[in-house]
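So the chains spell out like this:
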Amino acid sequence: MSAGRYAPSPSGELHIGNLRTAILAWLFARSTHRSFLLRVEDLDRARAGSEEQQIADLARIGLTWDEEPLRQTDRGDVYRDAITTLTARGLLYECFCTRRDIAEASSAPHAAPGAYPGTCRNLSESERVIKRRERPAALRLHSSVTELSVTDQIHGTYVGIVDDFVVLRNDGVPAYNFATVLDDLLQGIDQVVRGDDLLSSAPRQSYLHSLLAPDYDAAAPALTYAHVPLVLNSREQRLAKRDGAVTLADLELLGFGTSEVVARLLQSVNLPGDPGREPSAQLQAALRVFDPDVLPREPWVFTEF
Ligand code: GLU
């Protein structure tokens, strides 16, 4: 199977930047005859009621998906098994660093900016025994590369850091990079479309994907990426809920129905949008002419409709 996906964190209502990324993920998947799947990334920032609201809004803007959305908090066993396997392969190590330890070590000369400096990589067992009494350990990946190049349909070749990133947090919660990659692999996802704020995560994720794939399915297809430009507010910062009327519900109160919102979102990515038609009919029309090569490369600054 080959599939694309949209994987929101249910931390609140989706705003038009999120909806625009979701539409693009759907267009990328459908235009390449892939399935389209939803995944609820609720390990970290979940707010009651927000999953249902997000899924309802995605349906309202005309998106369709092919399976029941997968919820990460239902998958503790899957993550635990993978951690056990990675541990047995000698690919994980315990890390006792606080944020402050890392900030201090990273400011040393020769430290790669943004990379874990490797403080706990070579602790002896007796050092670990002592540290385990002080604080619970996180588990980090023993990476054998320091950077990796990925190919992105919008950004071209992107080279970024691969450090010993966290796989299991010290509160026992699977880390974002790990849960996302494992789920992409197990859901048969081979096309990752998301906001370009996550471009710098792609090398780490691609590396982990290649390590995990043989444990599950040696024939897992390579991931293709498209990191799409974000929507910004009038101060050119990433759009957020506090920026005013930015959700479907807010905009509806101002008199902009869902068809109007979908039309504006499609137009913002150089696709035809017609507020006189139902959202799903607009998406089908956009799908017929969708071409990733003509997508804007710049963020969309949203002030108001
Ligand atoms: N759940 C992540 C977010 O909402 C996106 C994960 C992904 O697309 O890889 O920021």
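Residues numbered from 1 in each chain as written. Predicted model: local features only at pLDDT ≥ 70, side-chain atom pairs only at ≥ 80, totals over all residues. Heavy atoms only, no water.

Under the annotation held in an unreviewed UniProt entry, the protein chain carries the name Glutamyl-tRNA synthetase and is attributed to Neomicrococcus lactis. Regarding the protein chain, the UniProt comment filed under Sequence similarities (unreviewed entry) reads as follows: "Belongs to the class-I aminoacyl-tRNA synthetase family." (UniProt positions renumbered as here; feature names shortened; annotations may be inferred.)

(A) Broad picture of the overall build of the protein chain. For the protein chain, the helix and strand inventory stands at 10 helices and 12 strands. For 305 residues, the compact-globule formula gives about 19 Å, and the C-alpha radius of gyration of the protein chain, at 21 Å, lands near that figure. A principal-axis box enclosing the C-alpha atoms of the protein chain has dimensions of 70 × 40 × 35 Å. Burial statistics for the protein chain: of 305 residues in total, 48% are counted as buried. (Helix = DSSP H or I, 4+ residues; strand = E, 2+ residues; numbered from the N terminus. Rg over C-alpha atoms; globule rule 2.2 N^0.38 Å. Buried < 20%, exposed > 50% of the residue type's maximum accessible area, 1.4 Å probe, protein only.)

(B) Representation of the packing of aromatic side chains in the model. Within the structure shown, the criterion is met by three aromatic pairs. Taking the centre distance of 6.2 Å and the plane angle of 65° together, the rings of tyrosine 79 and phenylalanine 178 count as edge-to-face. With tyrosine 79 in helix α3 (residues 76-88) and phenylalanine 178 in helix α6 (residues 176-186), this pair connects stretches of sequence that are 99 residues apart. In this structure, tyrosine 79 and phenylalanine 178 share a single accessibility class: buried. When the ring centre of tyrosine 116 is taken as origin, the NZ or CZ atom of arginine 140, which lies over that ring, is 3.5 Å away. (Phe/Tyr/Trp six-rings, centres within 6.5 Å; stacked < 30°, edge-to-face > 60°. Lys NZ or Arg CZ within 6 Å of the ring centre and 35° of its normal.)

(C) The site of the ligand, seen in detail. Taken together, the residues surrounding the ligand are Arg5, Ala7, Pro8, Ser9, Glu41, Tyr176, Thr180, Arg194 and Leu198. Here a nitrogen atom of the ligand and a side-chain polar atom of serine 9 are 3.0 Å apart. At a separation of 2.8 Å, an oxygen atom of the ligand approaches a polar side-chain atom of arginine 194. Protein contact buries 81% of the 300 Å² of open area that the ligand shows by itself. (Near = heavy atom within 4 Å. Polar contact = N/O pair within 3.5 Å; in protein donor to acceptor, adjacent residues only side chain to side chain. Areas by Shrake-Rupley, 256 points an atom, 1.4 Å probe, with all protein chains shown as cover.)

(D) Here's a closer look at empty space enclosed by the protein. Tallied over the entire structure, the rule returns one cavity of 30 Å³ or more. Considered as a void within the structure, the largest cavity measures approximately 50 Å³ in volume. Around the largest cavity sit Pro8, Leu38, Arg39, Val40, Glu51, Gln54, Ile55 and Leu58, which together line it. Looking at the lining of the largest cavity, the elements that each hand over two or more residues are β2 (35-40) and α2 (50-60). (1 Å grid on protein atoms, 1.4 Å probe; cavity = no way out; pocket = protein on both sides within 12 Å on 5 of 7 lines; lining within 4 Å. Points joined across faces, edges and corners; volume = space filled by probe spheres on them.)

(E) Structural detail: the nonpolar core. Membership of the largest hydrophobic core comes to 39 residues, with the highest contact counts inside it found for Ile23, Leu27, Leu58, Ile61, Leu63 and Leu266. Among the elements of the structure, α1 (16-31), β2, β10 (224-228), α8 (248-253), α9 (258-268) and α10 (279-289) are those that each provide at least two residues to this core. The element that contributes the greatest number of residues to this core is α1, accounting for 10 residues. If near-sequence neighbours (up to four positions away) are discounted, leucine 266 is found in contact with Ile23, Leu27, Leu271, Pro272, Gly273, Gln282, Leu283 and Ala286. Listed in part, the 23 residues of the second largest apolar core include Leu92, Leu141, Leu182 and Leu208. (Core = buried A, V, L, I, M, F, W, Y, C linked by side-chain atoms within 4.5 Å. Contact = heavy atoms within 4.5 Å.)

(F) Structural detail: the layout of surface pockets. Estimated volume of the second largest pocket: approximately 260 Å³. Along its surface, the second largest pocket is lined by 17 residues, and Ala115, Tyr116, Thr146, Val162 and Asp163 are the ones closest to its centre. The class makeup of the residues in the lining of the second largest pocket is eight nonpolar, five polar and four charged. (Nonpolar A, V, L, I, M, F, W, Y, C, P; charged D, E, K, R; others polar.)

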